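Chain and residue survey
As a plain string of letters, each chain reads:
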Number of protein chains: 2
Amino acid sequence: MKNSITELFNIQYPIIQGGMVWVSGWKLASAVSNAGGLGLIGAGSMHPSTLQEHIKKCKNATNKPFGVNVPLLYPEIDKIMQIIVDEGIKIVFTSAGNPNTWTSFLKKKSITVVHVVSSVKFALKAEKAGVDAIVCEGFEAGGHNGREETTTFTLIPMVKKEVKIPVIAAGGVASGKAMLAAMVLGAEGVQIGSLFAATIESSAHQNFKDSIIAVKEGDTKLTLKELAPVRLIKNSFYNQIEQLYQNNTSKQELKNLLGKGRAKKGIFEGDIENGELEIGQIAGVIDKILPVKAVFKEIIDEFNTVKAFVYRL
Amino acid sequence: MKNSITELFNIQYPIIQGGMVWVSGWKLASAVSNAGGLGLIGAGSMHPSTLQEHIKKCKNATNKPFGVNVPLLYPEIDKIMQIIVDEGIKIVFTSAGNPNTWTSFLKKKSITVVHVVSSVKFALKAEKAGVDAIVCEGFEAGGHNGREETTTFTLIPMVKKEVKIPVIAAGGVASGKAMLAAMVLGAEGVQIGSLFAATIESSAHQNFKDSIIAVKEGDTKLTLKELAPVRLIKNSFYNQIEQLYQNNTSKQELKNLLGKGRAKKGIFEGDIENGELEIGQIAGVIDKILPVKAVFKEIIDEFNTVKAFVYRL
């Protein structure tokens, strides 16, 4: 399987692991890279020194390419970028911010830059900023999400009509079938979040992994749109948000309820009732916790089976 | 192209035209059936006598199979069902209501019944009610839509895991690529709405067709969730809804603003500013108004081109 994405990152399969907060440490990233995909360390939930430690451990755990995901609104963004350069990181995925701010800095250091977008408008902006590829993330994706609410099925073809750089599909991809479907729609690769959050190597709490397995269709919802839209499992915390909405809440009340550290509480500390449980709609098909290597085998086997089905159409 | 859906309806391609209000009269339905798909007359916007007239005209215009789409909450539903039986209609798509109410009545008259669902829960309910197939409609679809907000990309695999009857994918399908992607995800057929709404044979007003062509990514939104969720083009009417939301509106105020006949006003009478313009997200890729026959040629040609691309993966 060779295409623009496998060549861009020098990887075996065009499968990228989402750089999720509290989930994507060196263990997950190195396991994904060792399995032939692209592992990403999620800097969003790490202090700069923690990120540096994870990068060093990841280097020891794999000799394959891996990268770092950096939300551009990160408070100590300068320190994070300096560590990335100092540690010789060659691939950076940026998200949640303006791609103009850091792309040229990173490109000057010969770093491959990919930006995550949720709309055609931001896809064009990222391309103009000089990124090497874009992740197009649909409405069904877990965690923070775009305001246009455009789904993977419609976002990929609409972006492909407008941009020339390679497109990686995210949101709803958790199988070989979905990977092939995304490529049929025009994507050159896929970014997988929820499925990797539920692996053995994910640094999420066991309670959170068990919650992913328990999710059925309809159990997640995009909410808190007045702050920043985020897709969550419907737990007690979610019900409290809904209660506020029913009483004509204000932005400030929502902020107060959210408070600080809700995602850590739910995903990392395993407080399933009071935490912010960020996961995608496709969690409804995830029914077991496997090691990353086994996940890759299932995806690739299914991808090939469905390819054979297409031959017979 | 032979599969469970082409056999169920005795059609050439597993392409079904959505039975849309104010759009899907005998002209559109017969054109789709003559092109090798399944045309549906949309009863939702017709008085019983109008429906009967459209059925008679459709019979004169095609000797291929066609059907009728019936929203089950229709006020004169008994009259509609009697006309369907009297006119010897062999295929009925039901939507917006409980599949238990009419399925066995229709099945006893040897009518093939398909029910439209937007969640796994309703898919299972429809299967239990004895329907022959289900349409699974994702969040990106135009017009009325499910409360779970599950997207086509995730709904299809989640439903396929649970039901045995054939699945038709709807929401976001407007090309041969999307058709193949839906089949890769597990659908046996596709239902296409927005693209057929913009054809020459659609009974929509020219202004509405021009609006579909003008839609870009991000120009539609699912709204009026307190009444019945509906996806609309963001026009003046939509902006008035948003204004009410920003002032902590009530359900009654929304009802008052909506009033009666907004969809007719926009879609059929061409009042683009004050009408309810029901269209799907994928309108962003639709850029010309073609006859149905040309639309079929484009879909099938692209479907085969993308199949050939998959062979090379």
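Residues numbered from 1 in each chain as written. Chains lettered and ligands numbered in written order. Predicted model: local features only at pLDDT ≥ 70, side-chain atom pairs only at ≥ 80, totals over all residues.

Between chain B and chain A, the residue contacts involve 42 residues of the former and 42 residues of the latter. Mapped onto the side of chain B that touches chain A, the elements with two or more residues apiece are helix H6 (120–129), helix H7 (152–160), helix H8 (176–184), strand E10 (220–223) and helix H14 (292–312) of chain B. If you tally residues by element for the side of chain B that touches chain A, the top one is H8 of chain B, at six residues. Among the residues forming the side of chain B that touches chain A, the class breakdown is 19 nonpolar, 13 polar and 10 charged. (Contact = placed C-beta atoms within 7 Å. Helix = DSSP H or I, 4+ residues; strand = E, 2+ residues; numbered from the N terminus. Nonpolar A, V, L, I, M, F, W, Y, C, P; charged D, E, K, R; others polar.)

All right, on to the pairing of strand E6 (residues 133–137) of chain B then. Residue and element names in this part refer to chain B. Across the five residues of E6, five count as buried, placing the element largely inside the fold. Side-chain alternation along E6 places Ala133, Val135 and Glu137 on one buried face and Ile134 and Cys136 on a second face that is also buried. By the bridge criterion, four bridges tie strand E5 (residues 112–117) to E6 in an arrangement that is parallel. Counterpart to valine 116 in the pairing with E6 is valine 135. Regarding the hand of the β-α-β motif, the stretch spanning E5, H6 and E6 is right-handed. (Buried ≥ 20, exposed ≤ 12 C-beta atoms within 10 Å, placed from the backbone. Pairing = 2+ DSSP bridges. Right-handed = clockwise from strand over helix to strand, strands pointing away.)

Moving on: the relation of the copies chain B and chain A. Superposition of the two copies of the chain requires a rotation about an axis and a shift along the axis. Screw-axis analysis of chain B against chain A gives a translation of 0.0 Å along the axis, an RMSD of 0.0 Å, and a rotation angle of 180°. Taken together, the turn and the small shift mark the pair as related by a two-fold rotation axis. Closest approach to the rotation axis within chain B is made by the C-alpha atom of alanine 181 of chain B, at a distance of 2.2 Å. With an isologous cut-off of 70% or more, the 100% of interface residues of chain B that recur at the interface of chain A puts this contact in the isologous class. (Least-squares fit on C-alpha atoms with pLDDT ≥ 70 in both.)

Let us look at the domain arrangement of chain A. Residues and elements named next belong to chain A. Domain parsing of chain A yields domain 1 (4–203 + 285–311) and domain 2 (215–282). Here the C-alpha centroids of domain 1 and domain 2 sit 24 Å apart. Listed per partner, the contact involves 19 residues of domain 1 and 14 residues of domain 2. Elements with a minimum of two residues in the side of domain 1 that touches domain 2: strand E7 (143–144) and helix H9 (194–197). Here the residues of the side of domain 1 that touches domain 2 sort into eight nonpolar, nine polar and two charged. (Domains from an automatic or database assignment.)

Residues and elements named next belong to chain A. Overall, parallel pairing links the eight strands, which are arranged E1-E9-E8-E6-E5-E4-E3-E2 in an open sheet. Since the sheet does not close on itself, it has two edges, and those belong to strand E1 (15–17) and strand E2 (39–42), each with one partner. Strand-to-strand twist in this sheet, taken as the mean axis angle between neighbours without regard to direction, amounts to 25°. Bridging between strand E4 (residues 91–95) and strand E5 (residues 112–117) involves four bridges; their strand directions are parallel. Each bridged residue has a counterpart across the sheet, and for threonine 94 the counterpart in E5 is histidine 115. (Axes fitted to C-alpha atoms, helices over the stretch in contact; angles between N-to-C directions.)

Residue and element names in this part refer to chain B. With antiparallel pairing, the three strands of this open sheet are ordered in space as E7-E11-E10. Looking along the sheet, the strands with just one partner apiece sit at the ends: strand E7 (143–144) and E10. Inspection of the sheet shows E10 paired to strand E11 (residues 230–233) by four bridges, in the antiparallel sense. Looking across to E11, one finds that threonine 220 is bridged to isoleucine 233.

For tryptophan 22 of chain A, which is not glycine, the phi dihedral falls at a positive 65°. With respect to the secondary-structure elements, tryptophan 22 of chain A resides in the loop between E1 and helix H2 (26–34). At asparagine 10 of chain B, a position not held by glycine, the phi torsion is positive, near 60°.

Here we take up the environment of glutamate 217 of chain B. Along the chain, glutamate 217 of chain B falls in the loop between helix H10 (206–214) and E10. Considered as a pair, glutamate 217 of chain B and isoleucine 192 of chain B are 25 residues apart in the sequence and their alpha carbons are 18 Å apart. Leaving out residues up to four positions away in the same chain, glutamate 217 of chain B has contacts with Ser119, Val120, Glu148, Thr150 and Met158 of chain A together with Gly284 of chain B.

Here we take up the pairing of strand E3 (residues 66–71) of chain A. Residue and element names in this part refer to chain A. Of all six residues that make up E3, six are buried, and the element is covered over most of its length. Relative to E3, E2 runs parallel, the two being bridged by four bridges. Residue pairing across strands places glycine 39 opposite phenylalanine 66, the latter belonging to E3. A crossover links E2 with its parallel partner E3, the connecting element being helix H3 (residues 48–61), and its sense is right-handed.

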